[in-house]
Every structure is written in C-alpha cells, then in structure tokens.
Amino acid sequence: MRITVMGTGYVGLVTGACLAEVGNDVVCLDIDAGRIERLRGGTVPIHEPGLDALVQTNVRSGRLRFTTETGPAVVHGQVIVIAVGTPSGEDGSADLAHALDAARSIGRLLIEEAVIVNKSTVPVGTAQRVRAAIAMELERRDAPVSFEVVSNPEFLKEGGAIDDFMRPDRIIVGTDNEKARSVMRRLYEPFSRNHDKLMFMDERSAELTKYAANAMLATRISFMNELANLADHLGADIERVRHGIGSDPRIGYDFLYAGCGYGGSCLPKDVRALMHTAAESGAPRLGIVEAADGANEMQKRQLVARICRVFGEDLSRRRFALWGLAFKPGTDDIREAPSLVIIRELLRRRARIIAHDPAAMDNARRLLADQPAVEFADSAAATLNGADALIIVNEWPEYKSPDMDMLRDRLAKPVVFDGRNLFNPADMASIGIVYHGIGRGTHRPNPASTGLPRQAA
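Residues numbered from 1 in each chain as written. Predicted model: local features only at pLDDT ≥ 70, side-chain atom pairs only at ≥ 80, totals over all residues. Heavy atoms only, no water.

## Quick look at helix 9 (residues 203-234)
Between the first and last C-alpha of helix 9 there are 47 Å, a value that for 32 residues agrees with the 46 Å anticipated at 1.5 Å per step. Count one or two residues on from helix 9 and you reach Gly-235, which has phi positive near 80°. (Helix = DSSP H or I, 4+ residues; strand = E, 2+ residues; numbered from the N terminus. Expected span 1.5 Å × (residues − 1).)

## A look at the sheet that holds strand 11 (residues 374-376)
Reading across from one edge, 11-10-9-12-13-14-15 is the order of the 7 strands in this open sheet, with mixed pairing throughout. Either end of the sheet is taken by a strand with one partner, and the two such strands are strand 11 and strand 15 (442-443). Bridging between strand 9 (residues 319-323) and strand 10 (residues 352-356) involves 5 bridges; their strand directions are parallel. Looking across to strand 10, one finds that Phe-320 is bridged to Ile-353. Against the sheet, helix 13 (residues 302-311) engages strand 9, strand 12 (389-392), strand 13 (415-418) and strand 14 (434-436), with an angle of about 160° to strand 13. (Pairing = 2+ DSSP bridges. Contact = heavy atoms within 4.5 Å. Axes fitted to C-alpha atoms, helices over the stretch in contact; angles between N-to-C directions.)

## Considerations on the packing of aromatic side chains
In this structure the tally under the stated criterion is 6 aromatic pairs. Taken together, a centroid distance of 5.3 Å and an interplanar angle of 85° make the contact between Phe-165 and Phe-191 edge-to-face. Of this pair, Phe-165 sits in helix 7 (residues 161-166) while Phe-191 sits in the loop between helix 8 (178-188) and strand 8 (198-201), and the two are 26 residues apart along the sequence. What makes Phe-191 buried here is its relative accessible area of 3%. (Phe/Tyr/Trp six-rings, centres within 6.5 Å; stacked < 30°, edge-to-face > 60°. Buried < 20%, exposed > 50% of the residue type's maximum accessible area, 1.4 Å probe, protein only.)

## Remarks on the pairing of strand 6 (residues 147-151)
In terms of burial, strand 6 is largely enclosed, as 4 of its 5 residues are buried. Both strand 5 (residues 114-118) and strand 6 contribute to a ladder of 5 bridges, which runs parallel. Each residue of the ladder has a partner; that of Val-117, found in strand 6, is Val-150. In this fold, strand 5 hands off to helix 6 (residues 126-140), which returns the chain to strand 6; that crossover is right-handed. (Right-handed = clockwise from strand over helix to strand, strands pointing away.)

## Some details on the nonpolar core
Core analysis: the biggest nonpolar cluster contains 42 residues, and Phe-320, Leu-325 and Leu-346 have the highest contact counts within it. With 6 residues, the top contributor of residues to this core is helix 13. Non-local contacts of Phe-320, meaning those with residues more than four positions away in its chain, are made with Ile-307, Phe-311, Leu-315, Leu-346, Ala-351, Arg-352, Ile-353, Ile-354, Ala-387, Ala-389 and Ile-391. Among the nonpolar cores identified, the runner-up in size contains 40 residues, and Tyr-10, Val-14, Val-44 and Leu-187 belong to it. (Core = buried A, V, L, I, M, F, W, Y, C linked by side-chain atoms within 4.5 Å.)

## So, helix 2 (residues 33-40)
Within helix 2 the residues assigned to the buried category are Arg-35, Ile-36 and Leu-39. Angular distribution of buried residues about the axis of helix 2 spans 100°; they occupy a single face of the element. On the buried face of helix 2, the contacting elements are helix 1 (10-21), strand 2 (25-29), helix 3 (51-61) and strand 3 (64-67). N-cap assignment for helix 2: the residue whose side-chain oxygen lies 3.1 Å from the backbone N of Gly-34 is Asp-32. Positive backbone phi, at 90°, marks Gly-42, one or two positions downstream of helix 2. (Arc of directions from axis to C-beta. Polar contact = N/O pair within 3.5 Å; in protein donor to acceptor, adjacent residues only side chain to side chain.)

So, in structure tokens, the structure goes:
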C-alpha cells in the first residue's frame, strides 16, 4: 500500500519504519528540513532500540522515503497517517494545532480517495474536528474527493516500540465505515497473522481508550507509591507486598513497582488531558485520576525528602552521584523525568550533582546548561568518586549489578538512595552500605563502618 506519515517524531518514525518493513511504500513528511536531511542520511534523531537499523534498511530498499514537500506526500498516500505532536497546554488540554494544520493541508491537496488515520494521542471528538477541517478545505476548492477519518491510537512503549508495533497486543480502530474498516484490516494484516488483533469500535470510544489505558497505568503506579510511603511508616516491605497482591490474577504484577514517580511524554500529558476533557465536557471530576496525578508529583520529591532527613536542608557542602536521567531505561527522553525534579530540588538546597545516563546525557546537558553545579560523567562508576551519596533514579540494566565493594569504597559516605528498589536492603547493609529504598525502610550496617552518626544514617 502507498502510505504517507505526517510527522517524524517518535510515533511517526516508528510507524513509518514498521509499515515499510512489511513491504509498504512509505513516505514520511516533516516540516523540519534538518531532521529530514538527517533521516535521509540514515541518522535517527531519537533513541529507540533497533530503530536506526530498521530505518536504514528500509531507506536502502526504497520502501521508506523522507520529504518536506507536503503536496507530493499527500498525493502519494492511499492511507495518510497523522502522527504529529499534541503537547499539553497550560490548562492541561491537548494542543491540536499541529493535527488540525495537517488536516487542512490534506484538504487543500488531496486529489484521490484516501483514509486519514489519526494516530496522534488526541481528545475525544478530534476525529470529527479533523473530518470537518478536511471537508472545509475540499469545499473551498470545489473538489468532491471522497475520504474517511479513523481513530487508530498508538500503544508504543518507549524502549520497546518496535516490538510493540510489530507484535501488538491489540490494534484499536475507531470507525463505523465499512470501506475504511476494509482498508485498515488490509493495512494491519501482516501484524495479525497469529490471531486477529484488530478491535473495531466507534471513533469516540477509540479516542477514549487511549487516554483510559494511560490513566489506568498511572493510577497503578501512584497507588503503589502511596502504599510504599505507608509501608515506610509501618515498617513493612513494599516488595513483599507487591508479590503478595500481584499473585492475585485479578491484579497481576505489571506496573506495581514502587519508585520515584512516572514521567515521559505520555502518562503525565494524557492524564492531564483526560482531566481537562472531563471538566470541559461538564462531566463529574475524575477524582481517582486527579489523585494519581497529584500523588505522582509528590512522589518525585520523596527521595529529596529522605536525603534531607539524612544530610539536613542545607546541602551546600554536599555532592551527590545520580544514576538515571531519562524518565525510564531504553530511551533518551527526559520530558517530565523524575530526575529533573530531584536535580532542581537539590540545586535549590545548593547541592552539587554529578550525573550519568547511558542515553539521555546530551538532552540533559542542553536542558541544564545554565547549571554549573551539575556535572556529567562518562560512566556510572565515575560519578561515585568522593560523592556523599548515590541517588538511583531509573533502572538501566548496567545499574542493576555494579561492583558493590567499588561503589562503597568510592563514595565519601557509603549511602545509597534507591528510587527503583534495585537491591536487597539486607545485602547492602551487610557490606557496609546505608540503604534507603522506597517502601523498604532504611537498612543500616554497624555505624562505625559508615562514617555517619547513627541518627543521621
């Protein structure tokens, strides 16, 4: 099939590359000429495992091309995928300016029948607005071209997006039009060979499904984080609680890990957009969703509160090693990352920080360029030298099994604040490390081995 993808951000680029991989003729359109030039040369501007090779292979095969020319791109597509950004407004609403601009461009240039696919994460009712925008432009130029608009939300996890697209759990398609259903079934047939994963529904239900899924995941994370904070007060171990409740098949183990909060480009934005949608529609407030959002913002500050309980509010003489800048492993995305909140709170208390991340340091350097108290190290081990404590903010694989003797000996004080509960607290204490987990209490070795007074450790 001839497919046009409008937008070469995270969703658009993964979508275009994966559709080309199964034999489609794909053109990806973007107004950013620099980005398009890099992509033509095989340079992928985002970190996503396997995406570089997938793009390069399909560019070489001729199945994947990149352009800044809207006219030829629109004319090319039997299916035109809108995959542009929908950033949050100040009130939490999704900004549809780019999506509606794309729709108007389609309306101005479309000359043959096409199916328009909304893959951007958008509020309920957006398909109707896209349809109206296209129809208005067609009417202005008196062009009776037939088209259909469908909602087809993406469910891609950063760090695992290619596998998610190529082997999806489900493919949600919102349309009541039989011809559009037939086109979408043909489009996704290569990804449903094992069993039919297509789920057809009306477009408004499809749009709500995306927001509902992310709100549910956010709620599970915030629920476990609140339980973890309670476990700290009660002397319980949240990891044992997690195993206990996760064994119930009605609950399951996924998204039950306590930590220092969620971030990224999806969950925070989509939760707030769903809250805004409810308010704008006159529906009752989404109390649970609002609570999940509020709990997450507080959770991002939990590690700093623990640090201050140990070292005091004035951290001007303190230097901290920090592992993990991206909001999660497998990506370079630092949007709404817990690390940024932690860094800003430490800087506010005049601390110095030396940070490491396998993928996100370039993004962090740009964002924190005006902060001389923040340094970056080429390796996780290099952050430790003389630091007063180690702060672990995400769970990159290389952080999961470090040389613990080296870690203890390089730190000025053998103290670890583990925001992802990577280690066994008793094991850490047994080798002379003061260990602060999330919902796991504080585990202390013999105070004489730490260099800290008992009350501080």
